[in-house]
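Topology and contacts: notes
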2 protein chains.
Amino acid sequence: MTNQPKGTLIIIGGHEDKEGDRAILTEVARRARQDSGRIVIITVASQEPEELAKDYQKVFGELGVKQVDVLDIRERQEAYDEANIEKILGARVVFFTGGDQLRITSQIGDSDMFKCLRELYYDGGTIVGTSAGAAAMPETMLIGGAGDPSNRVSALSMAPGLAFAHNVVIDSHFAERGRMGRLLGAVVQNPRNLGIGIDEDTAIVLERDDCFWVEGSGAVYIVDGQRISYSSLSEENPEGVVSIDDVTLHVLGKGDQFDLHKRRPIRDGQVE
Amino acid sequence: MTNQPKGTLIIIGGHEDKEGDRAILTEVARRARQDSGRIVIITVASQEPEELAKDYQKVFGELGVKQVDVLDIRERQEAYDEANIEKILGARVVFFTGGDQLRITSQIGDSDMFKCLRELYYDGGTIVGTSAGAAAMPETMLIGGAGDPSNRVSALSMAPGLAFAHNVVIDSHFAERGRMGRLLGAVVQNPRNLGIGIDEDTAIVLERDDCFWVEGSGAVYIVDGQRISYSSLSEENPEGVVSIDDVTLHVLGKGDQFDLHKRRPIRDGQVE
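Read on for a plain summary of the structure. Position numbers for residues start from 1 in each chain and track the written sequence from start to end. Chain letters start at A and ligand numbers start at 1, both assigned in the order the entries are written. Totals for whole chains, interfaces and linings use all residues, but because this is a predicted model, local features are given only for residues with pLDDT of at least 70 and pairs of side-chain atoms are given and counted only at 80 or more. With hydrogens and water excluded, all non-hydrogen atoms of the structure serve as input to the side-chain values.

**Describing the overall build of chain A**
Threshold: For the purposes of this entry, the term helix denotes a DSSP run of H or I that reaches at least four residues, the term strand denotes a run of E that reaches at least two, and both are numbered from the N terminus. Note that the radius of gyration is over C-alpha atoms, with the globule rule given as 2.2 Å times the number of residues to the power 0.38. Contact criterion: two residues are considered in contact whenever any of their non-hydrogen atoms come within 4.5 Å of each other. The protein chains shown are the only cover counted for residues, whose accessible areas, like all others here, come from Shrake-Rupley with a 1.4 Å probe.
From N to C terminus, chain A includes 7 helices and 16 strands. Computed over C-alpha atoms, the radius of gyration of chain A comes to 18 Å, within 12% of the 19 Å expected from 2.2 N^0.38 for 272 residues, which places it in the range of a compact globule. Contacts spanning at least 24 positions in sequence make up 73% of the contacts within chain A whose residues lie at least 6 apart. In the structure as shown, chain A presents an accessible area of about 11,100 Å², 42% of it carried by carbon and sulfur atoms.

**What to know about the interface of chain B and chain A**
Selection criterion: Note on terms: buried area is the combined drop in 1.4 Å-probe accessible area of two parts once they are placed together, counting the loss on both. Any carboxyl oxygen of Asp or Glu that lies within 4 Å of a side-chain nitrogen of Lys or Arg is treated as forming a salt bridge with it. Residues adjacent in sequence count toward polar contacts only when both atoms are side-chain atoms; beyond that, a polar contact is any pair of N or O atoms within 3.5 Å, and within protein one must be able to donate a hydrogen and the other to accept it. Residue classes follow a fixed rule: Ala, Val, Leu, Ile, Met, Phe, Trp, Tyr, Cys and Pro count as nonpolar, while Asp, Glu, Lys and Arg count as charged, and any other residue, Gly among them, counts as polar.
At the junction of the two partners, chain B supplies 32 residues and chain A supplies 32 residues. Surface buried jointly by chain B and chain A totals about 2,400 Å² across both partners, of which 51% is contributed by carbon and sulfur atoms. For the pair chain B and chain A, the number of links is 4 salt bridges. Salt-bridge contacts for B:Arg267 lead to A:Asp245; the nearest nitrogen and oxygen are separated by 2.5 Å. Along the contact surface separating chain B from chain A lie 15 residue pairs in polar contact (both at pLDDT 80 or more). Looking at the side of chain B that touches chain A, the elements with two or more residues in it are helix H7 (180-189), strand E14 (244-252) and strand E16 (264-266) of chain B. Per-element tally for the side of chain B that touches chain A: the top contributor is E14(B), with 9 residues. Each residue belonging to the side of chain B that touches chain A can be placed in one class, and the counts come to 15 nonpolar, 10 polar and 7 charged.

**Some words on the sheet that holds strand E2 (residues 38-42) of chain B**
All names here are of chain B. Defined as follows: Two strands are said to pair when DSSP picks up at least two bridges between them. Fitting a line to C-alpha atoms yields each axis, with helices limited to the stretch in contact; the angle taken between N-to-C directions then spans 0 to 180 degrees.
The strand order across the open sheet built from 9 strands is E3-E2-E4-E5-E1-E10-E11-E15-E16, with neighbouring strands paired in mixed fashion. Edge positions in the sheet fall to strand E3 (67-71) and E16, since each of these pairs with one other strand and no more. For this sheet, the mean angle separating the axes of adjacent strands, direction not counted, is 20°. Of the strand pairs in this sheet, E2 and strand E4 (residues 93-96) are connected by 4 bridges, and their pairing is parallel. The residue of E4 that forms the bridge with Ile42 is Phe96.

**Re the packing of aromatic side chains**
All names here are of chain A. Worth spelling out the cut-off: Stacked, tilted and edge-to-face pairs are distinguished by plane angle, under 30 degrees for stacked and over 60 for edge-to-face with tilted covering the rest, among Phe, Tyr and Trp rings (Trp via its six-membered ring) whose centres lie within 6.5 Å. When accessible area is computed with a 1.4 Å probe and restricted to protein chains, residues below 20% of their type maximum are described as buried, those above 50% as exposed, and intermediate ones as partly exposed.
Under the defined criterion, the tally for this structure stands at 16 aromatic pairs over all chains. Between Tyr56 and Phe95, the aromatic rings sit 4.6 Å apart at their centres with planes inclined by 50°, giving tilted as the arrangement. Separated by 39 residues along the polypeptide, Tyr56 in helix H2 (residues 49-62) and Phe95 in strand E4 (residues 93-96) bring together distant segments of the chain. For the residue pair Tyr56 and Phe95, the accessibility class agrees, reading buried in each case.

Shown next as structure tokens:
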């Protein structure tokens, strides 16, 4: 295990296509077929784990993945269960479904299962997350506090995430739920974190925690706060509008690439 | 009439408070009381002009405006009617309600009534617009084409507006309807236009087409495309995601000021 992971994160903004061109899930399946031919679906975030597991088993089966295992974790002790950990050890692709991101971190965080997942990722495996599974990827994750209007720059709650991705904060269902305000609010808290807003049926494929490219039908919004020249954020004013000057914003579509270290889109014809 | 208007535009993102602190309508009423004591409500955009007129007559009456006239224009010829034009000539504050911005421009655009409104504005009067009335203020206005998902960077339609405000494009109900994508789409078409997205119960008070300040409970988002270094927009790809690099974004709250000519927020302590 080194500081620089060798693996890939596929971070999906939710509602990835399961019946049409299935561009994102095809990319996931391709990786599973290449390696062990196995994928593990982790439904810990979901209130309807059985239904969700069935859906993904069907679609990954159709996409030629030989073995689709399900880890239906409902209590924290199951994240220490040897039979469950065996499933992770045999896989090269693990898929976190949607649901509630705090269920993911509270049930799996720091468990034996988490350590295996981390090893898998640092060793070259692929970790996939959609919706809540996407939001949970960074060191710090956005959570929807009760009644938070997700459109306000001020209103947001954060919690410690799985820490597979570094120096980013990720929001899903981005355009569909009008979450620009929420992502701005997260970035302005500490501009060290680059904000990444991912539309539904859209994913970033992030290799080695370094560069990513975009797959799927929607857009990816990058909110870079490095050049913010003024912000009114303070603990004294948690509810009001936060004023912010000089945010840099990029919009990326399918096939576009982005360099997380340079914080720049990579365009054809540019020397990289 | 000169090139530089002497008047004020109060541009409201819709759903301005009518029962609580009424901060925005209080500012409108203050101006009406200062001048002739009269305000004219123009309901041309609305499908329910009578109800809307009644609401505004009630609230402006409560706020101490002596005379509240209503112009219920339903056909274009009424915008040439002398009795209607008399009402405009006697007022210093005119208020466009919400509804359909194409109704405003198609029924009033270039009419005798419009010429009086323009004269009023250039001569120092106040023109107020909320929702559709806000969107109609610039030279080019955003319209919601049938079925346009307003969150996509690609999907938008534009039409010629009233041209009271210059080099801007305005969207209302901004955070509430997740319209960042739509405003980005408008700005990327021609970055000459600064994008201004106004939340509900929020307004900009724009003096002499030069500087504005923010009133109300929400945020104003400024989308500046002047430094865009790449965009994939073309007529060949009208439906797909538009990729854009290096948009500058500012978020303003109540009391914040912005210089439209310099395209900069005005902050305390800055030499201006």
